[in-house]
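# Remarks on the overall topology
Take a look at the letters that make up each chain.
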Amino acid sequence: RNGSGKSNVVDAFAFLSEAMSLPLQAAFDRRGGIGAVRNRTSGQSNPPNLGLGVVLGSLNGSVTGGRYAFEVKARPTLGFEVVREQCVVRGAGLPSAWFEREGESFRSNLDGLHPNIEPSALALPVVGGDARFAPVLRVLSGTRVYAIEPAKLREMQDPDSGTTLKPDGSNAASVLQELLRGEGSTATRAEINRILESIVPATNAVSPKKHGNKLSMSFSQEWGAKKKL
């Protein structure tokens, strides 16, 4: 429903991804600072700390699961500091790898892991160079959030490689064309059509269409016997 908080949930994923590839301050600044990001509740003079945590399933052939979480506290001087942070990675037939920090204290079960971390910076982007924590960093930093603009879908689009969907959907026709190429395209087309029909009933197919040096998407609808558009 409108106003139920969908955008906030999506932005939590975007914030987490940005925090893995940008300074944490930059991720806050994009949203108006930590004061705008933290949850504000009536009757409290000091808003609570901000905390985020994710539980991960299988990430690749060697990582079977894990967990990552951190908590940030605002300073009276409008700055902030990371209060605590923890990452645990479980491997198939291997002992778990973990690190945790609390304030300036950093501990890990891995020998030789002693990063120099500022109080306002996260540890995972630093220690993610270690092969055991790299899968977690790769997954979190690779998370993508999309805000598809219907007007962009209706426009004639300039073709590109189609390997990565742009956040606004302005190259969706190229991505669709790439998905429907090569081995496995029949199964991919069937899955796309199944999802499409569940979103827009009676719409049962979509395909890329060329217009000179431009691309668009052609949708097929069917309702009743022998009635197509």
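About the cut-offs
- Residues numbered from 1 in each chain as written.
- Predicted model: local features only at pLDDT ≥ 70, side-chain atom pairs only at ≥ 80, totals over all residues.
- Heavy atoms only, no water.
- Axes fitted to C-alpha atoms, helices over the stretch in contact; angles between N-to-C directions.
- Helix = DSSP H or I, 4+ residues; strand = E, 2+ residues; numbered from the N terminus.
- Parallel < 35°, antiparallel > 145°, perpendicular 65-115°, else oblique.
- Contact = heavy atoms within 4.5 Å.
- Nonpolar A, V, L, I, M, F, W, Y, C, P; charged D, E, K, R; others polar.
- Pairing = 2+ DSSP bridges.
- Expected span 1.5 Å × (residues − 1).
- Buried < 20%, exposed > 50% of the residue type's maximum accessible area, 1.4 Å probe, protein only.

## So, the packing of helix α1 (residues 6-21) against helix α5 (residues 134-141)
- Orientation of α1 relative to α5, taken along the N-to-C sense of each, is 125 degrees, at an axis distance of 8 Å. The angle between the axes of α1 and α5 places the two elements in the oblique class. Mapping the contact onto sequence places L16, S17 and M20 in α1 and L137, L140 and S141 in α5.
- Taken together, the residues that form the contact of α1 with α5 break down as four nonpolar, two polar and no charged.

## Brief notes about the pairing of strand β3 (residues 80-91)
- Relative to β3, strand β2 (residues 63-74) runs antiparallel, the two sharing eleven bridges. Bridge pairing links V72 to V82 in β3.
- Connecting the antiparallel pair β2 and β3 is a turn made up of five residues, with L78 showing a positive phi of about 75 degrees.
- The pairing of β3 with strand β4 (residues 94-102) spans seven bridges and is antiparallel. Each bridged residue has a counterpart across the sheet, and for V88 the counterpart in β4 is W98.
- In sequence, β3 turns back onto β4 through a hairpin of two residues, with G93 there showing a positive phi of about 75 degrees.

## Structural notes on α1
- In a regular helix each residue adds 1.5 Å, so 16 residues correspond to 22 Å; α1 covers 24 Å between its end C-alpha atoms and thus fits that length.
- Listed in full, the buried residues belonging to α1 are A14, F15, L16, S17, E18, A19 and M20.
- Looking at the buried positions of α1, the neighbouring elements they touch are α2 (24-29), β1 (50-56), β2, α4 (124-127) and α5.

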